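A closer look at the structure
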There are 2 protein chains.
Amino acid sequence: MKVVVDGFGGDFAPVEVVEGAILAVKQNKNLTVVLTGDKEKLEKVIAGRNERIEIVDAKDAITNDDQPTLAIRQKKDSSLVRAFDLLKDNDDVIGLVSAGSTGAVLTGAILKIGRIKGVSRPALCSILPTVVENKSVMICDCGANVDCKSEHLLHFAVMASSYYSIMNDVENPKVALLNNGAEEHKGNELTKTVYPLMKNLPINFIGNAEAREVMTGDVDVIVTDGFAGNVLLKATEGVASGMSKMIKKEAKKNPFAMIGALLMGKFRGLKAKMDINKYGGAPFLGCKKLVVKTHGSANRLNFCNTILQVVKLHEKGLNEQIESFVSKQLKTEMTND
Amino acid sequence: MKVVVDGFGGDFAPVEVVEGAILAVKQNKNLTVVLTGDKEKLEKVIAGRNERIEIVDAKDAITNDDQPTLAIRQKKDSSLVRAFDLLKDNDDVIGLVSAGSTGAVLTGAILKIGRIKGVSRPALCSILPTVVENKSVMICDCGANVDCKSEHLLHFAVMASSYYSIMNDVENPKVALLNNGAEEHKGNELTKTVYPLMKNLPINFIGNAEAREVMTGDVDVIVTDGFAGNVLLKATEGVASGMSKMIKKEAKKNPFAMIGALLMGKFRGLKAKMDINKYGGAPFLGCKKLVVKTHGSANRLNFCNTILQVVKLHEKGLNEQIESFVSKQLKTEMTND
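Everything numeric in this text was worked out from a predicted model, so none of it was measured.

Attention now goes to the packing of aromatic side chains. Residues and elements named next belong to chain A. What the rule picks out here adds up to 2 aromatic pairs over all chains. Between the aromatic rings of Y195 and F205, the centroid separation amounts to 5.3 Å while the plane-to-plane angle is 75°, which identifies the pairing as edge-to-face. Of this pair, Y195 sits in helix α7 (residues 189-198) while F205 sits in strand β8 (residues 204-209), and the two are 10 residues apart along the sequence. On the basis of relative accessible area, F205 is assigned to the buried category, the value being 14%.

Rendered as structure tokens:
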């Protein structure tokens, strides 16, 4: 069983990518990680620790400044395109991980791997912590589709519900529509159109959720267009980080060193809870093979967790469930209207 | 000088509204607050403390379930419509405060008061704290206009820049466009269209800002459509509140009572910093007279601060500056293209 990892995606590539891959293979003896990218540079970081680490040479890299479609079509020797080719052509490669440009990973997933039948658009589904111990919330879409039609949001809802259900062993996860008010009549053109249609889906649709409800633990899946979802995700990261800085500052002001140290201890516990690195990456739900995007500032722990997440999703049969759910149930429900 | 306050808007009306009004007139001897709403109920709360507090009877109230346009047109005896009539018909009434339905306040502002010449849509402009001491950030629009065209965002940018400049004595506030990436080519249809046009405005446009940058203090004004702005605002509130709950829980776990108490003391200081009540309300920038919406869960402190904010905005000539800025400068700049 192999997972291919874009060795030159993300702010801290290739060092953190390589270290993450080495951590991952140590934790799963059946796993081999294939790293794509400049062979010489990768080997330098690996420094002989190449048990179940393979390299596929790729001299080029795709950056955030590249136009995604052009980059995927033209940069054939980039670490990301090589990774997609490996995923596409090899049955033993079960999934792909990249911390590179979201647009390029999405484009690669669509052009090289393709969509599950019945899915109009693959969606990026991120996980965030809530105030409830060991309970997370998923946001779908959070950046792959910045301009959405109602059909897309319906697919996001069904796919994310399925994903949440598998990941958390919950039968009917609570799915809500992100909106600017709780009432049914609230919203922009898109959410007003989607609301009545969501009620007919074979999911546990609980109505609108405002952005302030994300962390309460009352909602399992938040469905939204990728622009608003991206704002929600990044605002959460930004405020968590901002408040952490404020707490640190307060702790430093404390005249008693012991108290300051204790405060910092508490703070580290809190920070660990808020650390998005432990949650792995965000899958593009709806692709024929598993493609997981992790954030640009991912560290080794995150790369390791994201690789192991791919293994878990594969073993639990996420794509088979989505395929069955979307192509059968959704079709039936939508024909009934 | 009078400020009219919708006595039956908000979750804690009329008690918190009345108490807030009494606090406000105590702090400004030239101020009279006119409360609209059920006279009997208001008088019961006032309980004789009616120095510079006036009541205008209104038996009806507008709720979040009312369709805004219908409510403003038909509920003529509602506390909000009475308040708008008073604002419209009396030169000594300088502004209006309401914690009621955002849609109804916006509709009332447009139908009863009207827009400043040259402004296509009034925008709701909220203030949030940042990690930098005494530095706040403004979000415009944050809920008044959930479906926007590029022209609207250009007006929001100019108005909010002017508002920030007046409120903070800063000459060229840093204005950014909320987007899903820092690069110019990133974004949805709206932001991609607006970006090049923003560069031509007579403001200090610093480019795109991602939602995670809101609290850093590096940006003064964030321009966005009302749907994404609402998500940004409420996500910030939600995460701040969620993290506060986590800190409280950690503090309670501490076996040493003294440390727990100290931790809570630190926490209260932090909470005070994050408390949106101290920032007053959000003005609808671009209305002929000052209309300030405050949040539904506003307490007496917030009502007091919002009333005093109206006085400040009036005395600093916000509307005169916006009028001059929008009708002259914007027109010139846009004709030049």
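This brings us to the sheet that holds strand β1 (residues 2-6) of chain B. Residues and elements named next belong to chain B. Strands sit in the order β3-β2-β1-β4-β11-β10-β5-β6-β9-β7-β8 across an open sheet of 11 strands; the sheet is mixed. Where the open sheet ends on each side, the last strands, each with one partner, are β3 (53-57) and β8 (204-209). Between one strand axis and the next, the sheet turns through 25° on average, direction left out of account. Here strand β7 (residues 174-178) runs beside β8; their pairing, made up of 5 bridges, is parallel. The residue bridging L177 from the neighbouring strand is N208, located in β8. Its contacts with the sheet put helix α2 (residues 39-46) on β2 (32-37) and β3, and the angle it makes with β3 is roughly 160°. Relative to the sheet, helix α5 (residues 102-113) contacts β4 (93-98), β5 (123-129), β10 (282-285) and β11 (290-293), its axis offset from that of β11 by approximately 175°.

For the structure on display, the rule yields 28 salt bridges over all chains. One salt bridge connects E184 of chain A with K199 of chain A, and the closest N-O pair in it is separated by 3.3 Å. With a gap of 15 residues between them, E184 of chain A in the loop between β7 (174-178) and α7 and K199 of chain A in the loop between α7 and β8 connect regions that are remote in the sequence. By relative accessible area, which is 39% here, E184 of chain A ends up partly exposed. Among the ionic pairs, D77 of chain B bridges to R82 of chain B, the shortest N-O distance being 3.1 Å. Of the residues examined, D77 of chain B reaches a relative accessible area of 27% and is grouped as partly exposed. Classification of R82 of chain B by relative accessible area gives partly exposed; the value is 27%.

Let's shift gears to α5 of chain B. Residue and element names in this part refer to chain B. Taking 1.5 Å of rise per residue, 12 residues should cover 16 Å, and α5 covers 15 Å from first to last C-alpha, within 8% of that figure. Among the residues of α5, A104, V105, L106, T107, G108, A109 and I113 are the ones counted as buried. Summarising the contacts, the buried residues of α5 are in contact with α3 (68-74), α4 (79-89), β4, β10 and β11.

So, on to the nonpolar core. Among the nonpolar cores identified, the biggest contains 84 residues, and F84 and L232 of chain A together with F84 and L232 of chain B are the most heavily contacted of them. Beyond its immediate stretch of four places on either side in the chain, F84 of chain B contacts L96, A104, V105, G108, A109, K112, I113 and V291 of chain B.

Bringing the sheet that holds strand β10 (residues 282-285) of chain A into the picture now. Residues and elements named next belong to chain A. Strands sit in the order β3-β2-β1-β4-β11-β10-β5-β6-β9-β7-β8 across an open sheet of 11 strands; the sheet is mixed. Looking at strand neighbours, the two that pair on one side only are β3 (53-57) and β8, the edges of this open sheet. Ignoring strand direction, the axes of neighbouring strands in this sheet form an average angle of 25°. Pairing analysis gives 3 bridges linking β7 to strand β9 (residues 221-223), with the strands arranged parallel. The residue of β9 that forms the bridge with L177 is V223. Strands β5 (123-129), β6 (136-140), β7, β9 and β10 of the sheet are contacted by helix α6 (residues 150-168), whose axis makes an angle of about 155° with β6.

Parameters and conventions
Numbering of residues starts from 1 in every chain and runs along the sequence as written. Here the convention is simple: chains get letters from A, ligands get numbers from 1, in the order in which they are written. Two thresholds apply to this predicted model, a pLDDT of at least 70 for residue-level local features and 80 or more for giving and counting side-chain atom pairs, whereas whole-chain, interface and lining totals are computed over all residues. As a convention, hydrogens and water are excluded, and side-chain values are obtained from all of the structure's heavy atoms. Two rings from Phe, Tyr or Trp (for Trp, the six-membered ring) form a pair when their centres are within 6.5 Å of each other. A pair whose planes differ by under 30 degrees is stacked, one over 60 is edge-to-face, and the rest are tilted. Numbering of helices and strands starts at the N terminus; helices are DSSP runs of H or I of at least 4 residues and strands are runs of E of at least 2. Partly exposed residues are those whose accessible area sits between 20% and 50% of the maximum for their type, while under 20% is buried and over 50% is exposed, using a 1.4 Å probe and protein chains only. Strand pairing is defined by DSSP finding a minimum of two bridges between the two strands. For every element, the axis is a line fit to its C-alpha atoms; helices are fit only across the contacting stretch, and the angle between N-to-C directions ranges from 0 to 180 degrees. Contacts are residue-level and defined by heavy atoms, with any inter-residue pair within 4.5 Å sufficient. In what follows, salt bridge is the name for a side-chain nitrogen of Lys or Arg lying within 4 Å of a carboxyl oxygen of Asp or Glu. What a helix is expected to span follows from its residue count: subtract one and scale by 1.5 Å. The term nonpolar core refers to a set of buried residues drawn from Ala, Val, Leu, Ile, Met, Phe, Trp, Tyr and Cys, joined through side-chain atoms within 4.5 Å.

The values reported here are purely geometric and, on their own, carry no functional implication.
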